[in-house]
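# A look at the structure
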Amino acid sequence: MKKQILMLAATAAFGLSGSVALADTLADVKARGFVQCGVTEGVPGFSQPDASNNWAGLDVEYCRALAAAIFNDPTAVRFTPTTSSDRFTVLGSGEVDLLARTTTWTMTRDTTLGLMFVGTLFYDGQGFVVRKADGITSASGLSGAAVCIESGTTTELNAADYFSSNGLEFNPVTFTGQAEVLKAYEDGRCDVLTSDSSQLAGNITEFAVPEDHILLPDIISKEPLATVVRQGDDTWFEINRWVYYALLEAEEQGVTQANVDEMLGSDNPTIRRLLGVEGDFGTPLGLTKDWAYQAIKGTGNYGEIFERNVGSGSPLNLARGLNALWTDGGLQYAPPIR
């Protein structure tokens, strides 16, 4: 009897885990007719709505590329603003299908929250913004300064580590949302604003007098900003991952939004596989053969997305740096589609 009870318990446990593993996010997305993407409440260059609630940014365009790969329509996506505090709960509960919202990939998040990090859309690092009038030129001069910071983020932990390891007095002033952090800094409630450097560059452009503020040169952390999905659905994870890789491969092969139709006639076997002319790399993902063609046609390649949102074609004017392709000395690298 005891052995039978143990066997029943094991079967029940397997059934429970099996139901998670058998989750079919793609089927749910197709039935709904659009991708539900979790984004920030508003970060220039990454995910920000305009007055008409039209979203723009690097993260936003990744979500549109995903929608194009699934529906042949980059507009088949809806955006849900999330805070740093509630983003993982919103994803875990199924309110969104993925997070694309400047989320740092860490070991703890990867191993304890029931989530899977897809790929690093933007390699970043934490920095500091100060008022030019204060005369501070380096993070080493921040001892005792009041630091505006968002609670529940890697930003808060990184700042504490940096100040402690450098023998500086840490005086954090924490808030639950990014909007509160920015308002507090602008209102003079603190001397320093800290976050991902790319985010700070965007924040400066929106201050009343941008030239009154400077981004210090110090970078104190590694911040791989990645897209995130729930554990338990390998196919959905793979779709998200390979859309990201396809955008990188397109840039490496010189396939752009403008020339993608012309490239369908290319003799290059790598390009032919990428665009679905040769082979079938869609069926294993539950997509059509031309899924990558549709993504590129909808948004352009990674380089195009980068330049118009955070690069030279944007107010942020950020250099590619670590986000250049591996062929240009950067970290962005896609495995082959073959």
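All residue numbers refer to positions counted from 1 along the written sequence of the respective chain. Local features in a predicted model are, by the rule used here, given only for residues with pLDDT of at least 70; side-chain atom pairs are given and counted only at 80 or more, and totals for whole chains, interfaces and linings are based on all residues. Water and hydrogen atoms play no part in the side-chain values, which are based on all heavy atoms of the structure.

Right, let's talk about the sheet that holds strand 1 (residues 35-39) for a bit. DSSP calls a pair of strands paired once it identifies at least 2 bridges connecting them. Numbering goes from the N terminus for both helices and strands, where a helix is a DSSP run of H or I of at least four residues and a strand is a run of E of at least two. Strand order in the open sheet formed by five strands is 4-1-5-12-6, and the pairing between neighbours is mixed. Across the chains shown, the open sheet's two edge strands, defined by having one partner strand only, are strand 4 (77-81) and strand 6 (115-124). Mean inter-strand twist for the sheet, computed between neighbouring axes without regard to direction, equals 25 degrees. Across five bridges, the pairing between strand 1 and strand 4 is parallel. Among the inter-strand pairings, Q36 is bridged to a residue of strand 4, identified as R78. We call two residues contacting when some pair of their heavy atoms lies within 4.5 Å. To obtain an axis, a line is fitted to C-alpha atoms, over the contacting stretch when the element is a helix, and the angle between two such axes runs from 0 to 180 degrees between their N-to-C directions. Contacts from helix 8 (residues 197-206) reach strand 5 (98-104), strand 6 and strand 12 (223-230), with the element oriented near 60 degrees to strand 6. Packing of helix 9 (residues 234-253) onto the sheet brings it into contact with strand 5, strand 6 and strand 12, and relative to strand 6 it is tilted by some 15 degrees.

If you look at the biggest cluster of nonpolar residues, it comprises 63 residues, and the most contacted ones within it are Y62, L98, W236, V255, L274, L275 and W291. Of the residues forming this core, the biggest block, eleven residues, is contributed by helix 9. Formed by 13 residues, the second largest nonpolar core is a distinct cluster that contains A146, C148, L182 and L193. What we call a nonpolar core is a set of buried Ala, Val, Leu, Ile, Met, Phe, Trp, Tyr and Cys residues that are connected through their side-chain atoms within 4.5 Å. Each residue's exposure class comes from its accessible area (1.4 Å probe, protein chains only) as a fraction of the maximum for that residue type: buried when under 20%, exposed when over 50%, partly exposed otherwise.

A few words now on the sheet that holds strand 7 (residues 126-131). What holds strands together in a sheet is hydrogen bonding between their backbones, with the strands either parallel or antiparallel. The mixed open sheet is built from five strands, whose spatial order is 9-8-10-7-11. If you trace the sheet from one side to the other, it starts and ends with strand 9 (171-175) and strand 11 (213-215), each paired once. Neighbour-to-neighbour, the strand axes of this sheet turn through a mean angle of 30 degrees, independent of strand direction. Note that strand 8 (residues 146-150) and strand 10 (residues 192-196) share two bridges and pair parallel. Following the sheet pairing, C148 is matched in strand 10 by L193. Running at roughly 80 degrees to strand 7, helix 6 (residues 154-165) makes contact with strand 7, strand 8, strand 9 and strand 10 of the sheet. Sheet contacts for helix 8: strand 7, strand 10 and strand 11; angle to strand 10, the most-contacted strand, approximately 130 degrees.

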